[in-house]
Structures are given as C-alpha cells and as structure tokens.
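Chain by chain, the residues run as shown.
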Amino acid sequence: MRILLVEDDPTVRSFVVKGLKESGHVVDEADNGKDGLFLAVSEAYDVVILDRMLPGGIDGLRILETLRGQNNATPVLLLSALSDVDERVTGLKAGGDDYVTKPFAFSELLARVEALGRRGHADTTTKTSLSVGDLTLDLLSRDVRRAGQKIDLQPREFRLLEFLVRHAGQVVTRTMLLEKVWDYHFDPQTNVIDVHVSRLRQKVDKPFENALIHTVRNAGYILRDPNADA
Amino acid sequence: MIARLLTRLRHLKRWPIRSAGGNFALAYGVVFLLSAGVFLSFTWWSTTNLLDRHVQAGIESDAQDLTRRWVFGGAGTLSDAIEERIEQNVDDDALYLLVDRNGQRFAGNLPGWPVVMTRLDHFYELSIRRYTFSTQAKLKAYALPGGFRLIVGHDVRGRHLLRHVMAETLIWCAIMVSLLALGGAFVIRKLFLRIVHSIARTTAAVASGDLNHRIALNGSETDLVAETVNTMLDRINRLMEGVRQVSNAIAHDLRTPIARARTQLEDAALHAQSDDELRDAIDLAVQDLDRITGIFEALLRIAQIEAGSRRSAFASVDLTALLHDMAELYEASAEEAGLTLHTQISTLPAIIGDRHMVQQALANLLDNAIKFSPSGSQLTLRAERLPNEESTKPTGVTISVSDQGPGMSASDMERAHERFFRAEAARSTPGSGLGLSLVQAIAGLHHGQLTLSHAHPGLTATLTLPLNTAPSSHKTQIVDPV
C-alpha cells in the first residue's frame, strides 16, 4: 500500500516509517502540516496517517477538512496525544476514519492502517455471503457452515466471526474488536476479548483439522485461509 | 454656575462616587432628608388647613348670630352687638363693618368697604389697613334687609406668625436631619466596611496560602455571603487535599513501575547474553510503560470527569440493553475464571447520561468482582428501578454487582474510592487502585453515588443513578467526589 505519514516527532516518525516499510508498504513522510497537505492533495495514497498537532499553522484536522472538502475520500487515520473521548469524536466527525492515541503499540497502528487500506479497495457491492477457505457465512440467514457442516453461533459470536472474515489475512487487535464488534470505547482490565475469541474457536476451529483463527503475539488475532498460505 | 455644574454632572457617564459605602451613606442621607421634608410639609399643610377652617367656621357662626340680632332689633341692635363684640375681643382680631344702602359706615372697626369685595358667600383674603399697620384678614360679606350690608372677618396675622415659627422649625429640622443623616451615613459606611473587611481579611489570608481561615458568622444578612464563601473554601480545601494526596500517590505509585522498567532495561543492556534475552527484557519494560500510560490515562479521565467537562456527551441511555450487553460480554470471562454470573435485570427507564462512561463504570465493577472471586463462586449483576420495583414513576435506578470474594473491612470501604488505595488483601492482585475512583467519579458526573456494602460473604458495589440529572439539592452539588 502507498501510505502518507504526517508526523512532526522525528522518533515516532522514523519508527512508524521503518515498521510500515518492513511490512511491505511504500511510505511518504512529511514533518509539517504544509508539506503534508501538499502531498496529500497532489498524490494518491491508500491511507493517510495524520498527527493532529503539527507545527507550521496547519494541523491535522485542517488537512483532513481540506481533503474532505475536495471530495477526497482517502482513508485517514488520526494520531494524537489527546485521548479524550470528545477529541476522538471531533476527529471522526471531521471525516477521520480511525483514531489512535499516543503512545501506541506499532502492531495496533499497523493493524488499523491495513484494515483501512483494505476498506479503500473493497468493492462497494453488498455481498450476501462471505467465505474464507471452507468457511461460509450467509449474511442474510446468519447461517455459518464449515466444510458443509452447520455451526451454531450466538448473535455476538456471528458478528465477531463476520468481522474476522471481513478482515481475513489481516491482524485485528483486541481494541479493534472491542470497538467494532461491541462498540465499546473503554479499557477492560481482564481478558474479555480473549475469552470470546476462544469460545468462537471452540466452535469454528476445534472440530476441524485446520485452524482458521490464529493468535498473533503482542498484537491480536488473524483469520487466515490455511490453503492460501503457500 | 449651577447650570455649568449640572451640565458637567450630565456629561459624567458614570456615577462619580466609586465607594460602595459612600453611595450607601449618600442614599441613606437623601432618603432621610426627603422623608423629613415630606413629613414637615404635611404637618404645615394640615395645620394651616385646620386653622383656616376654624376661622371660617367662626366667621359663619358669628355672622348667623348677628343676622338674628338684626331680625329682632334692626340696625340699632346689630350695631350695639357689634360694638359690644369689638369691646370684648381681647385679641383684637375680630373685624366687622356694617354699611347702609348708600355705603355709609354704620358700625364696625373696618375703615371702609374694600373695593374688591363684590360677591357674597365668598371668603376673601385681603391685605387691609388697620390703625397704622397693614395686616392680612379673612373676610366675608352678607346682605341684610333694607339695603344694609355686613362684613364679618378675622385678622389672620396669627397664622403668619405660625408660618414663621414653622419655617424656622423647618430650617432647624433640616440642619438637625442633615447632621443625623451625615452621622448615620458615617455609621452605615463604617458598618459596611467592617463587614467587607471581615470577608476580605479571610479571603486575603486564604489567598496568601492559609486555607484554614473561615469568616465568622454573626447572624446578619451577610452570613449568606459568608456561608457561601466558607463552603467554597471548604471545597477548595478538600480539592487541595485531593491534589496533595494524588500527587503523593503519583510520586509513589508511578515510581514503582518506572523503576522496574528502568531496571529491566539497564539489566538487559549490561547482562543480556542473547538477542532473545534482550528482546524479552525490552518486552517486559514496554509492558510496564503501558501500565504507566494506563495509570496516566485513568488519572486524566478521573480529573476530566470530576471537572464536569464530560457532560457534553450526555444523551438518553437505554440501560436495560446496555446491562444485557455488558452481562453478555463478561459472562464469558466469568465462566473462564470458573465463576457463574447471574443477572437480575428488570426493565429499566432510560437515563440521561454518557453511555461510554456508564459502560466503563460497569466494566470496572465487573472486572473487580471477577478479579477478587474465588473459583466456583457466584457473581450477581442486579438492576432495579427506584424507589421500588412497582413504581410507575421511577426516580432512578440502582445497579449492583455482588461477589463472594474476601470482601472489605469497613475502614477499607471508606477509603476504597481514594485514588491509588488498595486494600491489604488486594496487594497481590494486578491493578492500579484507580478503578473505584473512576466509578465514583462517573457516579458523581451523573449526580449518583457509589456505595459499598457487605454481601456476607463478599462485597456488593451499588451504583445509584437518578433519572433526573439535575442535582437533587444544593448539598449534593457540594459533596466532593474526591
């Protein structure tokens, strides 16, 4: 993916750039709002990562508003040290697609950036069924089958699996699951998400030979088609 | 001169006297002078009125009597009666004149018929000459049979004398009243200053850092101000206490994980034998730093919530659905920990609040309950409407989480909501000691409260949220969430 990073802190910038490049992405960087805005409007990116507070008079929100004002729908992830829920809401209202608070784990940022990039490419036609490998989800009847065998899922488990399938091949973090599947924006101290994922695995993976859902250390989970690996 | 002063005054955009005491005094003086003036004018007016009526009544009855004499005895008798009256009139204030049809003076003590007296039945007040001086008189003319005409009158110079005396009294009164007004104004100003000084002294002492000063109450109206200021000072004191306590706690509780992270990194830098060992040490240090970030975030959140700045996100919250969702989320965690989560959630009215905050509060209570429960025990999430289940017009809701863990001693319960407080029994479990502080702050934000009680065995944490988010009384607003 082609990614633009606008961030003034050199340590954070070089760290993120290095990480993104290692994950196989092409990264342009800017250390101030003016250059960032110039790059964002003149080049085509899959994802733009914007720091909210930037030197040079043009801050992240201004860049975002300018982009959206020009009907540029490039997914934008806001990066900020302002963790207040109101700040998050302001950022998302201005047209941001996701919001990550500093300090952050790189795995969290990468997972969210990849999820956003994928969304940018996703075809807009509404599908009625999803499938990965031998797993099929019927979105209308809420019917889940693996290798032709019906799997009974609770409504929440279905939504969890649907989210994993929609992001198949990508790492999804626990916070992403909490936000997107449960719509919660708090920080649980216990392992609530792990427990729900492990329950899902009991039903989706345990009775079968190959596992679809995998734990990614220090990051989260990934649902992968075992045959597509090779 | 006066006109110039007036225009000058009119050009002043603002009232020239800046001192509140001076203004009070001036207002007092003006009111005092005005009331004294009104009072004296009224006295003057009613006295002269009374005298006038008295004189007129005297003239009328005198004239009636004289007319009767005429009927009995004609001009001669009347003239005798007039002469007799003049003689007997010691004060020499009775005036009479009897003239015949030709206008010739027949009897009386008036020198001649005044030219202006052309009408009957009308009291004239004229200046007349008597002997050698001129005087003021009230006169009335009467027509008698045979072309005779009679004037009966009264010398009213006594009234002038009275007016003089009254005027003098008025001037003296004005002087006295002015002096009294000035004195009173001075006293009022002094009183005013004393009240202000007592408040100013206290606030100045507080401003210079001594928070223990309070304004003395003296039972007067200024107690209202004094009490409010005292309440405010109490709150400032508590907040300061909170800040002190928190900064101590931060210094202590953040130092530990920072020290640990530092030690791990330094140890790895000095002694790590392999890349893997180095990586593990760094991972551990990152985890410690994440914990520190978490603590900071929690502290910031509590501070924000307590400042009341988070009420912008208030909206109607469907508590029933929210509780069922939370129960579903935590039921799995409970099961994994070998616990059973029971729910008793009745249909609850919607409250006005911050959905995310209520979720956070519940998550903290459930996290705690799961953390402190021994395997195989029961958890209960209960929610009821207030004041009782049957009420059709509920005033609020209670949400409680009960566990069968070790519980808390009464003294621990009292301190449980303090930031960083951790009961002895909890020292060995992970946690920052901020969970209940956050719940408490969220309860405060919704004008509700958090109460802890014994569950025999275990602990029940009850969150009470009123439906009406406005503070139920002045008191609850002051109650300090720290």
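Owing to the predicted nature of the structure, the values given are computational and were not obtained by experimental measurement.

**A few points about the overall build of chain B**
Here is step 1 of the chain: Each helix and strand counted, chain B has ten helices and twelve strands in total.
Here is step 2 of the chain: Relative to its full complement of 482 residues, chain B shows a buried share of 38%.
Here is step 3 of the chain: Here chain B has roughly 28100 Å² of accessible surface; of this, 60% comes from carbon and sulfur atoms.

**Description of the overall build of chain A**
Here is step 1 of the chain: Each helix and strand in chain A was counted, giving eight helices and twelve strands.
Here is step 2 of the chain: Put simply, chain A has 230 residues, and 51% of those count as buried.
Here is step 3 of the chain: Put simply, chain A shows about 10900 Å² of open surface, and 49% of that area lies on carbon and sulfur atoms.

**Some remarks on the side chain of Glu114(A)**
Here is step 1 of the chain: With respect to the helices and strands, Glu114(A) occurs in helix 5 (residues 106-121).
Here is step 2 of the chain: Looking at Glu114(A), its side chain comes within polar contact range of the side chain of His25(A), at 2.9 Å.

**Digging into the UniProt feature "modified residue: 4-aspartylphosphate" (unreviewed entry) in chain A**
Here is step 1 of the chain: Mapped onto this numbering, the UniProt entry gives "modified residue: 4-aspartylphosphate" (unreviewed entry) at Asp51(A).
Here is step 2 of the chain: With respect to the element layout, Asp51(A) can be found in strand 3 (residues 47-51).

**Some remarks on the interface of chain B and chain A**
Here is step 1 of the chain: At the interface, 27 residues of chain B touch 24 residues of chain A.
Here is step 2 of the chain: Note on chain B versus chain A: buried area summed over both sides is about 2300 Å², and carbon and sulfur give 45% of it.
Here is step 3 of the chain: The partner of Arg217(A) in a salt bridge is Asp283(B), with the nearest N and O atoms 3.7 Å apart.
Here is step 4 of the chain: Inspection of the chain B/chain A interface yields eight residue pairs in polar contact (both at pLDDT 80 or more).
Here is step 5 of the chain: When contributions to the side of chain B that touches chain A are tallied by element, the ones reaching two or more residues are helix 5 (275-306), helix 6 (319-336) and helix 7 (355-372) of chain B.
Here is step 6 of the chain: A per-element tally of the side of chain B that touches chain A places helix 6 of chain B first, with eleven residues.
Here is step 7 of the chain: Of the residues contributing to the side of chain B that touches chain A, the split by class is six nonpolar, eight polar and 13 charged.

**Here's the deal with the nonpolar core**
Here is step 1 of the chain: Residues Leu161(A), Leu177(A), Leu223(A), Met326(B), Tyr330(B), Leu381(B) and Ile399(B) are the most contacted members of the largest nonpolar core, which totals 95 residues.
Here is step 2 of the chain: The element contributing the most residues to this core is helix 7 of chain B, with nine residues.
Here is step 3 of the chain: Excluding residues that lie within four positions of it along the chain, Leu161(A) makes contacts with Leu135(A), Leu137(A), Val144(A), Leu153(A), Leu200(A), Val204(A) and Leu223(A).
Here is step 4 of the chain: The next biggest cluster of nonpolar side chains, apart from the first, holds 20 residues, and it includes Ile59(B), Trp70(B), Phe123(B) and Leu150(B).

**Side note on the packing of aromatic side chains**
Here is step 1 of the chain: This model, assessed by the stated rule, comprises four aromatic pairs over all chains.
Here is step 2 of the chain: Taking 5.7 Å as the distance between ring centres and 65 degrees as the angle between the ring planes, the aromatic pair formed by Phe15(A) and Phe106(A) counts as edge-to-face. Within this pair, whereas Phe15(A) is found in helix 1 (residues 10-22), its partner Phe106(A) is found in helix 5, the two being separated by 91 residues in sequence.
Here is step 3 of the chain: By relative accessible area, which is 43% here, Phe15(A) ends up partly exposed.
Here is step 4 of the chain: Judged by relative accessible area, Phe106(A) falls into the buried class, the value being 17%.
Here is step 5 of the chain: Ring plane angle 85 degrees and centroid distance 5.4 Å describe the contact between Phe106(B) and Phe148(B), whose orientation is recorded as edge-to-face. With Phe106(B) in strand 2 (residues 105-108) and Phe148(B) in the loop between strand 4 (133-143) and strand 5 (149-155), this pair connects stretches of sequence that are 42 residues apart.
Here is step 6 of the chain: Of the residues examined, Phe106(B) reaches a relative accessible area of 41% and is grouped as partly exposed.
Here is step 7 of the chain: Among the aromatic residues, ring-to-ring pairing joins Trp70(B), Phe106(B) and Phe148(B) into one connected group.
Here is step 8 of the chain: The lysine or arginine in question, Arg149(B), covers the ring of Trp113(B), its NZ or CZ lying 4.5 Å from the ring centre.

**What about helix 4 (residues 223-271) of chain B?**
At 3.6 residues per turn, the α-helix brings residues three or four places apart onto the same side.
Here is step 1 of the chain: Helix length check: helix 4 of chain B, at 49 residues, gives a terminal C-alpha distance of 70 Å against a target of 72 Å (1.5 Å per residue), a fit within 8%.
Here is step 2 of the chain: Approximately 30 degrees is the largest bend angle found in helix 4 of chain B, and it occurs at Arg255(B), with the proline Pro257(B) only one to four residues beyond.

**Some details on the sheet that holds strand 4 of chain B**
Residues and elements named next belong to chain B.
Here is step 1 of the chain: Strand order in this open sheet of five strands is 2-1-5-4-3, and the pairing throughout is antiparallel. Only two strands of the sheet have a single neighbouring strand rather than two, namely strand 2 and strand 3 (124-130). Taking each pair of neighbouring strands and ignoring which way they run, the sheet shows an average axis angle of 30 degrees.
Here is step 2 of the chain: Relative to strand 4, strand 3 runs antiparallel, the two being bridged by seven bridges. Paired with Tyr-124 across the two strands is Leu-139, which belongs to strand 4.
Here is step 3 of the chain: Set on the sheet, helix 3 (residues 157-207) makes contact with strand 3, strand 4 and strand 5; between it and strand 4 the angle comes to about 130 degrees.

**Some remarks on the environment of Phe133(B)**
Here is step 1 of the chain: Relative to the elements of secondary structure, Phe133(B) occurs in strand 4.
Here is step 2 of the chain: Aside from chain neighbours lying at most four places away, what touches Phe133(B) is Ile128(B) and Arg157(B).

**Description of the confidence of the model for chain B**
Here is step 1 of the chain: Mean pLDDT over chain B stands at 81; residues scoring 70 or higher make up 90%.
Here is step 2 of the chain: Here the predicted complex scores 0.62 on pTM and 0.80 on ipTM.

**Some words on the pairing of strand 3 of chain B**
Here is step 1 of the chain: By the alternation rule, side chains of strand 3 of chain B split into Tyr124(B), Leu126(B), Ile128(B) and Arg130(B), which are all buried, and Glu125(B), Ser127(B) and Arg129(B), of which none is buried.
Here is step 2 of the chain: In textbook terms, the turn of a hairpin is the stretch between consecutive antiparallel strands, and for strand 3 of chain B and strand 4 of chain B this stretch comprises two residues, one of which, Tyr131(B), has a positive phi near 50 degrees.

**Observations regarding a negative patch on the surface**
Residue and element names in this part refer to chain B.
Here is step 1 of the chain: Judged by side-chain charge, Asp-267, Asp-275, Asp-276, Glu-277 and Asp-280 come together as a negatively charged surface patch.
Here is step 2 of the chain: Looking at the negative patch, the element that brings in the most residues is helix 5, giving four residues.
Here is step 3 of the chain: When you line up the elements, Asp-280 lands in helix 5.

Thresholds applied
- Residues numbered from 1 in each chain as written.
- Chains lettered and ligands numbered in written order.
- Predicted model: local features only at pLDDT ≥ 70, side-chain atom pairs only at ≥ 80, totals over all residues.
- Heavy atoms only, no water.
- Helix = DSSP H or I, 4+ residues; strand = E, 2+ residues; numbered from the N terminus.
- Buried < 20%, exposed > 50% of the residue type's maximum accessible area, 1.4 Å probe, protein only.
- Areas by Shrake-Rupley, 256 points an atom, 1.4 Å probe, with all protein chains shown as cover.
- Polar contact = N/O pair within 3.5 Å; in protein donor to acceptor, adjacent residues only side chain to side chain.
- UniProt positions renumbered as here; feature names shortened; annotations may be inferred.
- Contact = heavy atoms within 4.5 Å.
- Buried area = accessible area lost by both parts, 1.4 Å probe.
- Salt bridge = Lys/Arg side-chain N within 4 Å of Asp/Glu carboxyl O.
- Nonpolar A, V, L, I, M, F, W, Y, C, P; charged D, E, K, R; others polar.
- Core = buried A, V, L, I, M, F, W, Y, C linked by side-chain atoms within 4.5 Å.
- Phe/Tyr/Trp six-rings, centres within 6.5 Å; stacked < 30°, edge-to-face > 60°.
- Lys NZ or Arg CZ within 6 Å of the ring centre and 35° of its normal.
- Expected span 1.5 Å × (residues − 1).
- Bend = angle between axes of the 7 residues up to and from the residue.
- Pairing = 2+ DSSP bridges.
- Axes fitted to C-alpha atoms, helices over the stretch in contact; angles between N-to-C directions.
- pLDDT = per-residue confidence, 0-100.
- Patch = residues over 30% accessible without salt bridge, like charges linked within 9 Å, V, L, I, M, F, W, Y side chains within 5 Å.
- Lys, Arg positive; Asp, Glu negative; His and termini not counted.
- Charge placed at Lys NZ, Arg CZ, Asp CG, Glu CD.

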